[in-house]
Amino acid sequence: MKGFKALLPAALVGTDRSGELAGVFGQAAGGAVAALLAELQAQDGAAGEAGALLLRAAGVLAVCERAGFEPPAAPDSPLAQPAAPETRPALRLPAWQGWLRRVLGDAPRPLQHQALRTLAERGWRLPAPLLPAALELAAGDVALRPAVTGVLGEHGLWLAAQRPRWRAAIAAPAVASLEDWEHGPLAARAGWLRHERLSDAAAARDRLVQALPELGARERAELVAGLASGLSMDDEHLLESLLKDRAGDVRRIAGSLLQALPASRQAAWLGDQLAALLQRDPAAGWRLEAPAQAPAEAKAHLVEAVRPKHESLGERAWWLYQLVRLTPLPWWTAHTGLAPAELLAWAGQGDWQAALLRGWRDAVLATAEAAPQADWALALLQHWPAHLLGSDRSGVQALLPVAQREWLWRVRLAEGKGALSDLVSEILGACALHDRLSPDFAAPLADALARQLAEDQLGWGSFWRQSAPALCALLPDAALPRLAGLPRHDGQLPQLQDTLAQLDVVIGLRQALTTLPNASATP
């Protein structure tokens, strides 16, 4: 064992238990480096602390290893073709390169998204030195991939193709082509599949069927999800076969797509199970009993007979919850004649409220793309029992239009119900990167945040050091002055002062973005 790693055992067990350091150094290096370590030990002598000597030796070896790094041999394959000619200029203006580096480095995600989109809209691409940072950003954040891909230019796309981690981070092209399906990365193939589904759903389905046997689990899941575009009963047979797929994600996606088809055989089986549990009493209304045993053929319909050990529901409630979660939501209103809000109120009067509410919430989330249920989402949010569903409503809130979400948030802000941190957490969780809050809602929200900052009520919580700048990135330009230059004083906690400084940085970056010139107007 040579090099830096040879010092790790001594560092872990302690220098007093690892024997003579000279022996350790001898294992770590040879030749001139070993002589250098010996000299280092001789300089410190017996008076030197062994731990400090070990750390100095580690520093020497780390520098040596970096200086002597030899890259692995290139694979025996033809050199990559040169990048295609660029069609847009790179933003090489010195002041903007520093600005971009800061945005890509540590700005809140909504600001990163806004900056990249604005760059593309004004005709620029990223300069070459910033391409690795942008590709790393895309590799770690799926939601940012389309915005990053839009400013890579031909050289950025070429660079991404040279490394698997970056190649997988490229978003589907804005205009997909058959070439993307045949030779592109997974995102590009998914993009073409969704595109073709809208014009010729049957041809896209046949193409997917032919490809499935050659695909890995992740690829199957990604591409099967694309069937949500143009979903119809013609897809039923394929989706039923995918309920037996060996990958759990594929089975789950197939089940959620069948859930968006109320006329499917899967939906009919689930409806029959629930109908047998529901009885209408002329005097008392609907009565529900949970299954006394796991339904027959449960596994074939994605119902697990064995309750997980961590599950808080009892066994019968667990079976009921799964039936509710998998059943199309329209079945409930059609079978009972009750609206979503009435069903939620009815559930609160019985013994199975937790199973019903969890099942309905998860059904709303599962069918969000293929069969959105805005009436169910709104009813859930207006009757949200936090003790059963938890405090995080952002996933369901995200399914509502921004205006409807803001209406709910505005009511809570005006009534002063709950902590401001809870409200901000929901806003950050529910808003997409491209969302912007309306001026009418942003103004009182910014004022509430500024008031608490001025009164030092936020304290030193790490939540605000990240969330206040992120919220600032979602505000419209008109609301930014309400948070700019908030007063400092010596009595403030350092963490609060750091939060205020971060707010000013984000506001400054956003204000600079408004002055970005158009590429066509720049010499």
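Residues numbered from 1 in each chain as written. Predicted model: local features only at pLDDT ≥ 70, side-chain atom pairs only at ≥ 80, totals over all residues. Heavy atoms only, no water.

Caption draft 1: Broad picture of the overall build of the protein chain. A count of helical and extended segments in the protein chain gives 29 helices and 2 strands. With respect to the three principal axes, the spread of C-alpha positions in the protein chain is 95 × 65 × 60 Å. Counting over 523 residues, the protein chain shows a buried share of 44%. In the protein chain, once contacts between residues fewer than 6 apart in sequence are set aside, the share between residues at least 24 apart is 68%. Carbon and sulfur atoms form 55% of the exposed surface of the protein chain, whose accessible area is close to 26,600 Å². (Helix = DSSP H or I, 4+ residues; strand = E, 2+ residues; numbered from the N terminus. Buried < 20%, exposed > 50% of the residue type's maximum accessible area, 1.4 Å probe, protein only. Contact = heavy atoms within 4.5 Å. Areas by Shrake-Rupley, 256 points an atom, 1.4 Å probe, with all protein chains shown as cover.)

Caption draft 2: Here's a closer look at the pairing of strand 1 (residues 278-281). Across 4 bridges, the pairing between strand 1 and strand 2 (residues 285-288) is antiparallel. In the sheet register, Gln279 faces strand 2, and the bridge partner there is Arg287. The hairpin formed by strand 1 and strand 2 contains 3 residues between the paired strands. (Pairing = 2+ DSSP bridges.)

Caption draft 3: Main features of the side chain of Thr336. Tracing the backbone through its elements, the reader meets Thr336 in helix 19 (residues 330-336). A residue is classified by how much of its surface remains accessible, and Thr336, at 12% relative accessible area, is buried. Among the polar contacts made by the side chain of Thr336, one reaches the main-chain carbonyl oxygen of Trp332 at a distance of 2.6 Å. (Polar contact = N/O pair within 3.5 Å; in protein donor to acceptor, adjacent residues only side chain to side chain.)

Caption draft 4: Geometry of the confidence of the model for the protein chain. Across the protein chain, the average pLDDT comes to 88, with 92% of residues at or above 70. Mean pLDDT values over the elements of the protein chain span from 67, in helix 2 (residues 21-28), up to 97, in helix 15 (residues 236-242). (pLDDT = per-residue confidence, 0-100.)

Caption draft 5: Structural detail: the pattern of salt bridges. Taken as a whole and judged by the stated rule, the model has 23 salt bridges. Among the salt bridges present, the one from Glu369 reaches Arg194, with a minimum N-O distance of 2.5 Å. Here Glu369 is found in the loop between helix 21 (353-366) and helix 22 (374-382), whereas its partner Arg194 is found in helix 12 (residues 186-199), with 175 residues between them in sequence. Classification of Arg194 as partly exposed rests on a relative accessible area of 25%. Between Arg405 and Asp435 there is a salt bridge, with the nearest N and O atoms lying 3.3 Å from each other. (Salt bridge = Lys/Arg side-chain N within 4 Å of Asp/Glu carboxyl O.)

Caption draft 6: Region of interest: unusual backbone geometry. Residues other than glycine seldom take positive phi values, yet Glu297 does so here, at roughly 60 degrees. Since its relative accessible area comes to 57%, Glu297 is described here as exposed. Unlike most non-glycine residues, Leu302 shows phi in positive territory, near 70 degrees. Positionally, Leu302 belongs in the loop between strand 2 and helix 18 (315-326). Assessed through its relative accessible area of 17%, Leu302 is described here as buried.

Caption draft 7: Summary view of the nonpolar core. Formed by 76 residues in total, the largest nonpolar core has its most connected members in Val224, Leu239, Leu320, Trp332, Trp346 and Trp360. For this core, the element with the highest residue contribution is helix 18, accounting for 8 residues. Setting aside chain neighbours within four positions, we find Leu320 in contact with Leu274, Leu277, Leu288, Ala290, Pro291, Trp352 and Ala355. (Core = buried A, V, L, I, M, F, W, Y, C linked by side-chain atoms within 4.5 Å.)

Caption draft 8: Molecular detail of the environment of Gly350. Looking at the secondary structure, you find Gly350 in the loop between helix 20 (340-347) and helix 21. The exposure class of Gly350 is partly exposed, given its relative accessible area of 41%. In sequence terms Gly350 and Glu289 are 61 residues apart; their C-alpha atoms lie 9.4 Å from each other.

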